Structures are given as structure tokens and as C-alpha cells.
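Here's the letter readout for the chains.
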Amino acid sequence: MIILAASIPITEPRPLSLLPFAALLLCIAFLPFVLKHHWERHYHLIALFLAATTTAYYLFGIRQPEPILRECADYIRFMALVGSLFIVAGGIHLRIRGKATPSFNCAFLFLATITGNILGTTGASMLFIRAWIRTNKYRYTGLHTAFFIFLVSNLGGGLMPMGPPLFLGFIKGVPFWWMIEHCWLPWLVALLSLLLIFYILDRRNFCRASAVIREEETGARKIDIDGLRNIFFLGIILGAVFIEHPPFLREAIMLAAAVGSYFATPKRVHAANEFSFAPLQEVGWLFLGIFLTMVPVLDYMHLHARDLAIDTPAKFYWVAGGFSAVLDNAPTYLTFLANALGRAGLSIEDPVAVHKFLSSGQAELAAISMGAVLFGAVTYIGNSPNFMIKAIAEQQKMHTPSFVGFVVKFSIPILSPVLFLVWWVMLPR
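Residues numbered from 1 in each chain as written. Predicted model: local features only at pLDDT ≥ 70, side-chain atom pairs only at ≥ 80, totals over all residues. Heavy atoms only, no water.

### Some remarks on the overall build of the protein chain
So, point 1. Broken down by element type, the protein chain carries 20 helices and two strands.
So, point 2. Computed over its C-alpha atoms, the radius of gyration of the protein chain comes to 21 Å, within 12% of the 22 Å expected for a compact globule of 429 residues.
So, point 3. Based on the C-alpha atoms only, the size of the protein chain along its principal axes is roughly 70 × 50 × 40 Å.
So, point 4. Looking at the 429 residues of the protein chain, the share that counts as buried comes to 59%.
So, point 5. The long-range fraction of contacts in the protein chain, counting pairs at least 24 apart against all pairs at least 6 apart in sequence, stands at 83%.
So, point 6. Just so you have it, the protein chain exposes about 17,900 Å², and 68% of that area is on carbon and sulfur atoms. (Helix = DSSP H or I, 4+ residues; strand = E, 2+ residues; numbered from the N terminus. Rg over C-alpha atoms; globule rule 2.2 N^0.38 Å. Buried < 20%, exposed > 50% of the residue type's maximum accessible area, 1.4 Å probe, protein only. Contact = heavy atoms within 4.5 Å. Areas by Shrake-Rupley, 256 points an atom, 1.4 Å probe, with all protein chains shown as cover.)

And the structure:
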């Protein structure tokens with residue numbers, strides 16, 4: 001269906017048709033902070049209304065239902081993966097006692113970041129955040145919130161397309177292993193740089209705690225994992241990722257594994273994880289709005305790609321990254337990928353065209369991918385897990401930086417140098 005849709009001529013979308021997409025991203029960015037309670041009660045209605053507006057335009061305004069059907073199919077693929085991984089991660093409970101030393105914390109973050117490439121950033125964040133808080137509870141600061149977001153909730157999704165934003169590229173035709181083959185070095189540089197900076201800062205934090213408290217709180221280490229039966233269901237989901245035909249068999253297998261995981265998980269494990277479908281429900285409604293309102297944006301990017309002055313890997317890295325910081329990095333990634341393909345006269349809706357683009361546009365795709373992944377950590381609104389981490393830490397009565405404080409105290413002085421270092425590593429030789 002996707003290949004057939006790609007052959008249909010693209011109708012020039014009217015500029016007003018781009019407004020629902022912009023309105024939705026602005027709502028996601030600011031309403032959770034400006035009108036928190038109203039947003040929590042009505043976000044699904046806002047997403048549905050804006051999605052319906054764009055859908056009506058394509059169905060009745062220009063009479064082209066194919067792009068809407070195409071994006072609905074991609075939305076099902078996206079939610080099947082994200083939802084199944086979320087449910088499986090919610091069935092695994094990790095308990096860690098003692099030894100909250102800087103070295104152990106670095107090892108913890110390293111493991112959680114690697115896991116993010118398997119469970120997706122949302123799944124890994126939900127699996128590890130409570131253990132992270134419990135382990136460091138006697139000296140938990142905004143430092144621990146920030147670096148968990150930098151590493152687990154964002155960089156953890158930078159090598160494999162197991163969640164946003166890279167999975168959106170995968171379902172459009174980017175090969176599964178492309179990031180590992182082409183971006184492992186800048187990803188590794190970012191990982192090691194952030195871990196080194198964290199070790200130095202956490203060492204100071206650790207030494208400020210009294211010797212008595214350190215001795216009491218960092219005694220013998222004990223690690224317990226409950227719900228290991230879910231590894232079986234995780235394996236099914238990972239295997240299903242590579243199934244392409246027949247259509248939606250992959251998604252059916254993922255959903256079956258998720259259902260099996262949910263009912264096979266003891267209630268005590270879900271209770272220990274404080275498992276709830278609320279975060280998944282929010283992601284589902286918001287991404288329904290994003291996928292459908294994005295249709296005219298993708299068409300516009302294809303038709304007007306050369307009109308925009310984004311024509312080098314450096315510009316793609318910084319511009320796509322900058323938008324990822326203040327909007328959601330998933331739609332930003334897909335929008336700029338569509339722009340890069342459009343500059344080559346190719347359509348993002350044609351997998352054959354995407355593969356053709358990869359032969360000459362490797363630098364551009366690497367820049368867009370790493371920009372979206374890394375810059376998504378600059379603010380709480382750059383990536384969907386960021387705000388959930390802040391909310392969970394606050395529920396546990398832990399200190400978290402304010403929106404401005406997060407940017408001023410952590411993103412600018414700590415993350416910005418790493419962003420420049422990564423780009424220096426990625427510079428064409």
C-alpha cells in the first residue's frame with residue numbers, strides 16, 4: 001500500500017493546512033506547564049480535533065484519502081511497537097539496594113542506556129527510574145534527574161529504531177541496523193562524554209554526604225529482578241520487528257505478546273512498578289494527532305524542499321536538533337528527513353526512494369538522526385519520556401529542576417559542549 005501511495009501525485013497543500021500540526025506541537029510544548037490540569041483532562045480532545053481537521057481537508061477538500069490511510073497504517077505500526085514494549089517493561093521490576101557510589105551510578109546509567117536501544121527509551125525509562133531514585137535517595141538532586149534524561153530517556157534510543165524518533169524512519173524504509181553501522185562513533189562519544197562528566201559531578205555530590213550516611217546507605221549491594229518471564233515476550237517482539245509480510249502480521253504478533261505479558265505478570269510486580277496505562281494512553285492520543293496533522297507538512301517539505309536553505313549536514317544537525325529541543329523530536333526527525341529527501345527529488349513515502357537516498361545522503365541522515373536524538377534531551381518537552389521522568393521523581397518527593405532551571409543549570413553548561421563535540425566527530429573528513 002505504501003509503494004502504491006508513493007506513485008500518486010502530491011497535491012500542493014494550502015498553507016493553512018499546516019496550522020493543525022503547528023498548533024498541536026505548541027500545545028504539547030506549553031500547555032502541560034501553563035494549563036496543567038486542563039491539559040490532563042482534555043489533551044485527547046485537542047489531539048482528536050486537530051487530527052480530524054486535517055483528515056477532513058484531505059478527504060473532502062482535496063479528495064485524496066491515500067495519504068491519510070497511509071499515515072494511519074504507520075500509526076498502527078508505531079503504537080504496536082511502543083505499546084508492546086511499554087507493557088513488557090512494566091512487567092519487570094528491578095530492585096537495587098546499596099552501593100550508590102559514583103562508579104556504580106555510572107555503570108547503572110550505562111546499562112540502562114544500552115537497554116534503551118532494546119526496550120525503547122520509554123520502556124527503559126519506566127523500568128529503571130524508580131530503581132535509580134531508590135538507589136540514590138539519600139543524596140538525590142537535580143543532577144540525577146538531568147543525566148537520567150540525557151542518557152536513558154534520549155541517548156538510549158540512538159542506535160536501534162525501537163521507539164521514537166528512529167522507528168519513524170524505520171517504517172519509512174531506513175534499514176534497522178543503519179544507525180549502528182553509521183553513527184556508532186558519535187553515539188559512543190556522547191555516551192562516554194556524558195558518563196565522564198556525570199562521574200566528576202556525582203563524585204562531588206557523594207563526598208558531600210556525611211561519612212556515617214554513606215556507610216549506612218552504601219552497604220552490601222543487593223540486586224533483585226522480578227518478572228523475568230517477560231524476557232520471553234520481549235524476544236517475541238524483537239523478532240517480530242523484522243517481519244514485513246504479510247501486512248500487519250508483525251503488529252499482530254507484538255500485540256499478542258503484549259497481552260500475554262500483561263496477564264502472565266503477577267499483580268505484585270505491576271503494583272511494585274506502579275504500572276498504569278495512563279502514559280501509554282497519552283502517547284497514543286498525541287501521536288494519533290501528530291501522524292495525521294503531519295500529512296500536509298510532509299507533502300509541503302517534499303514540494304518545497306529546495307526553497308528552504310537547509311542544504312548541508314551541519315545545517316540539518318543544528319536546525320533539526322534545535323527544533324527537536326523545543327518541539328517533540330519524533331515529528332521533527334520525520335519532517336527534516338522528508339525535507340532532505342525532497343531536496344533530492346525523492347518522496348519519503350516510497351521505501352525504494354529512501355534506500356536510493358541512503359547511497360548519497362548518509363551524512364544528512366546521520367546529522368538529522370543524531371540531532372533529533374541528542375537535542376531531544378535539551379528540555380523536558382523535547383522527548384516524551386522526559387516529562388514522565390520529572391513527574392515520577394516528584395511523586396517520590398525528590399528534587400527536580402524547573403523547566404528553565406533544567407536548561408540553564410544542565411542543558412546549556414553540560415549538554416551543549418557534548419553536542420558540539422559530537423558534531424566535530426561527525427564532520428566529513
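### What to know about the pattern of salt bridges
Opposite charge on two side chains permits pairing when their charged atoms draw close.
So, point 1. A full pass over the atoms with the stated rule returns 13 salt bridges.
So, point 2. Notably, a salt bridge pairs Lys172 with Asp74, separated by 2.7 Å at the nearest N-O pair. Of the two residues, Lys172 is situated in helix α7 (residues 166-172) and Asp74 in helix α4 (residues 66-90); the sequence distance between them amounts to 98 residues.
So, point 3. Classification of Lys172 by relative accessible area gives buried; the value is 3%.
So, point 4. With its nearest N and O atoms 2.8 Å apart, the salt bridge here joins Glu349 to Lys172. Within this pair, whereas Glu349 is found in the loop between α16 (329-343) and α17 (351-358), its partner Lys172 is found in helix α7, the two being separated by 177 residues in sequence. In terms of burial, Glu349 and Lys172 fall into one category: buried.
So, point 5. A single network of salt bridges, built from pairs that share partners, joins Arg70, Glu71, Asp74, Arg77, Lys172 and Glu349. (Salt bridge = Lys/Arg side-chain N within 4 Å of Asp/Glu carboxyl O.)

### Here's the deal with the side chain of Thr379
So, point 1. Tracing the backbone shows Thr379 in the loop between α18 (362-375) and α19 (384-395).
So, point 2. A distance of 2.5 Å separates the side chain of Thr379 from the backbone oxygen of Ala325, its partner in a polar contact.
So, point 3. Those residues in contact with Thr379, other than ones at most four positions away along the chain, are Ala325, Asn386, Phe403, Phe406 and Val407. (Polar contact = N/O pair within 3.5 Å; in protein donor to acceptor, adjacent residues only side chain to side chain.)

### A look at the packing of α18 against helix α20 (residues 403-426)
So, point 1. Axis separation between α18 and α20 bottoms out at 11 Å; the angle between their running directions is 165°. Relative to α20, the element α18 lies roughly antiparallel. Here the hand of the crossing between α18 and α20 comes out right-handed. Across the interface between the two elements, Ala366, Ala367, Met370, Leu374 and Phe375 of α18 pack against Leu415, Leu419, Val422, Trp423 and Met426 of α20. (Axes fitted to C-alpha atoms, helices over the stretch in contact; angles between N-to-C directions. Parallel < 35°, antiparallel > 145°, perpendicular 65-115°, else oblique. Left-handed = near helix turned anticlockwise from the far one by under 90°.)

### Re the packing of aromatic side chains
How two aromatic rings sit relative to each other is set out by the distance from centre to centre and by the angle between their planes.
So, point 1. This model, assessed by the stated rule, comprises 32 aromatic pairs.
So, point 2. Taking the centre distance of 5.5 Å and the plane angle of 45° together, the rings of Tyr262 and Phe277 count as tilted. With a gap of 15 residues between them, Tyr262 in helix α11 (residues 249-264) and Phe277 in the loop between α12 (267-272) and α13 (278-293) connect regions that are remote in the sequence.
So, point 3. Classification of Phe277 by relative accessible area gives partly exposed; the value is 37%. (Phe/Tyr/Trp six-rings, centres within 6.5 Å; stacked < 30°, edge-to-face > 60°.)

### Notes on the environment of Ser384
So, point 1. By the element assignment, Ser384 lies in helix α19.
So, point 2. Here the alpha-carbon distance between Ser384 and Val418, two residues 34 residues apart in the chain, equals 21 Å.
So, point 3. Those residues within four positions of Ser384 in sequence are excluded, and the remaining contacts are Thr122 and Asp328.

### Here's the deal with the nonpolar core
So, point 1. Core analysis: the largest hydrophobic core is formed by 138 residues, its most contacted members being Phe150 and Tyr317.
So, point 2. It is helix α5 (residues 102-135) that provides the largest number of residues to this core, a total of 14 residues.
So, point 3. Residues in contact with Phe150, not counting those within four places in the same chain, are Leu155, Leu194, Ala377, Phe406, Phe410, Ser411, Ile414 and Leu415. (Core = buried A, V, L, I, M, F, W, Y, C linked by side-chain atoms within 4.5 Å.)

### Regarding the environment of Leu109
So, point 1. Positionally, Leu109 belongs in helix α5.
So, point 2. In this structure Leu109 comes out as buried when scored by relative accessible area, which is 0%.
So, point 3. Taking C-alpha positions, Leu109 is 38 Å from Arg70, a pair spaced 39 residues apart along the chain.
So, point 4. For Leu109, the residues in contact, after removing those within four places along its chain, are Trp132, Phe147, Phe148, Leu151, Val152, Leu195 and Phe198.

### Digging into the packing of α16 against α18
So, point 1. Viewed as axis vectors pointing N to C, α16 and α18 meet at an angle of 165°, and their least axial separation amounts to 9 Å. On the basis of their axis angle, the class for α16 and α18 is roughly antiparallel. Between α16 and α18 lies a crossing of right-handed hand. Here Asn329, Tyr333, Phe336, Leu337 and Ala340 of α16 lie close against α18, whose contacting residues are Leu365, Ile368, Ser369, Ala372 and Val373.

### Here we look at the side chain of Asn386
So, point 1. Considering the arrangement of structural elements, one finds Asn386 in helix α19.
So, point 2. Assessed through its relative accessible area of 0%, Asn386 is described here as buried.
So, point 3. At 2.8 Å, the side chain of Asn386 and the backbone oxygen of Gly376 are in polar contact.
So, point 4. Ignoring any residue separated from it by four or fewer positions in sequence, one finds Asn386 in contact with Ile149, Ser153, Asn154, Gly376, Ala377, Thr379 and Tyr380.

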